Amino acid sequence: MTGPDLASASAFVTATGFTPDEMTGTRVTGTVELGPDQHTPWGVVHGGVYAAVVESAASIGASAAVADRGQFAVGVNNSTDFLRPATEGRLDVLAEPVQQGRTLQLWLVTLTRAEDGKTVARGQVRLQNVPLPGA
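Note that this is a predicted model, so its numbers are computed, not measured.

## Quick look at the overall build of the chain
- The helix and strand inventory of the chain stands at 2 helices and 6 strands.
- In sequence order, the secondary structure elements of the chain are arranged as α-β-β-α-β-β-β-β.
- At 15 Å, the chain has a C-alpha radius of gyration in line with the 14 Å of a compact globule built from 135 residues.
- The buried share of the chain, reckoned over its 135 residues, is 41%.
- Across the chain, the fraction of contacts at a sequence separation of at least 24, relative to all contacts at a separation of at least 6, is 64%.
- Of the side chains in the chain, 9 bear a positive and 13 a negative charge, and the two mean positions are spaced by 9 Å.

## A word on the sheet that holds strand β1 (residues 18-23)
- Across the sheet, 6 strands lie side by side as β1-β2-β4-β5-β6-β3; this open sheet has antiparallel pairing. Looking at which strands have only one partner, the edges of the open sheet turn out to be β1 and β3 (71-82). The average undirected angle you get between the axes of adjacent strands in this sheet is 25°.
- As defined by bridge partners, strand β5 (residues 104-113) adjoins strand β6 (residues 119-131) across 9 bridges and the pair is classed as antiparallel.

## Structural notes on the nonpolar core
- With 25 residues, the main nonpolar core has L34, Y50, V93, V109 and L111 as its most contacted residues.
- Those elements that provide at least two residues to this core are β2 (28-34), α2 (47-66), β4 (89-100), β5 and β6.
- Residue contributions to this core peak at 8 residues, all from α2.
- Dropping the residues within four chain positions of it, V93 is found in contact with F18, V28, T29, G30, T31, V32, V53, A57, V109, T110 and L111.

Reading the values: the criteria
Going along each chain's sequence as written, the residues are numbered from 1 onward. Since the coordinates come from a predicted model, pLDDT governs what is reported: local features require at least 70, and pairs of side-chain atoms require 80 or more to be given and counted, while whole-chain, interface and lining totals use all residues. Processing note: side-chain calculations cover all non-hydrogen atoms of the structure and skip hydrogens and water entirely. Here a strand is any run of E in DSSP of at least two residues, a helix any run of H or I of at least four, and the numbering for each starts at the N terminus. For the radius of gyration, the atom set is restricted to C-alpha positions; the globular benchmark scales as 2.2 Å times the number of residues to the power 0.38. For the exposure calls, accessible area comes from a 1.4 Å probe over protein chains only, and a residue counts as buried if that area is under 20% of its type's maximum, exposed if over 50%, partly exposed in between. Residues count as neighbours in contact if any of their non-hydrogen atoms are within 4.5 Å of one another. Charged-residue counts in this description rest on Lys and Arg as positive and Asp and Glu as negative, His and the chain ends being excluded. Taken as the charge centre is NZ of Lys, CZ of Arg, CG of Asp or CD of Glu, depending on the residue. For two strands to pair, DSSP has to find at least two bridges joining them. Axes, fitted as lines to C-alpha atoms, cover a helix only where it is in contact. Angles between the N-to-C directions of the axes lie from 0 to 180 degrees. We call a set of buried Ala, Val, Leu, Ile, Met, Phe, Trp, Tyr and Cys residues a nonpolar core when their side-chain atoms join them within 4.5 Å.

If you want it as structure tokens, here you go:
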């Protein structure tokens, strides 16, 4: 894979608890460790954590898909549904493309509880393929 290290993360992404494992242009997997640092004042994980993980996983995969063309992908729309509350534990992340075109991609990302496989959140991200800086 060319371009920046797609596994490196900013402090913001690190705070979400997302750790990618498999990172290809057709599939991204990983885990999220949830706990009190991501809670709302009411003691449940903030929905923004899920939206950020969805965006991160989709961006990694979409960027990997176009890296050989001297491009990366930027999100232009993120629609994340929060299906059940969580307070702590591990989530499994799976991101796969729905459509990959010359200029746009659409990725579906599912976050499921590792303990029972129930879906906690799921989202779609539309991404635009753009030139890498300096390319």
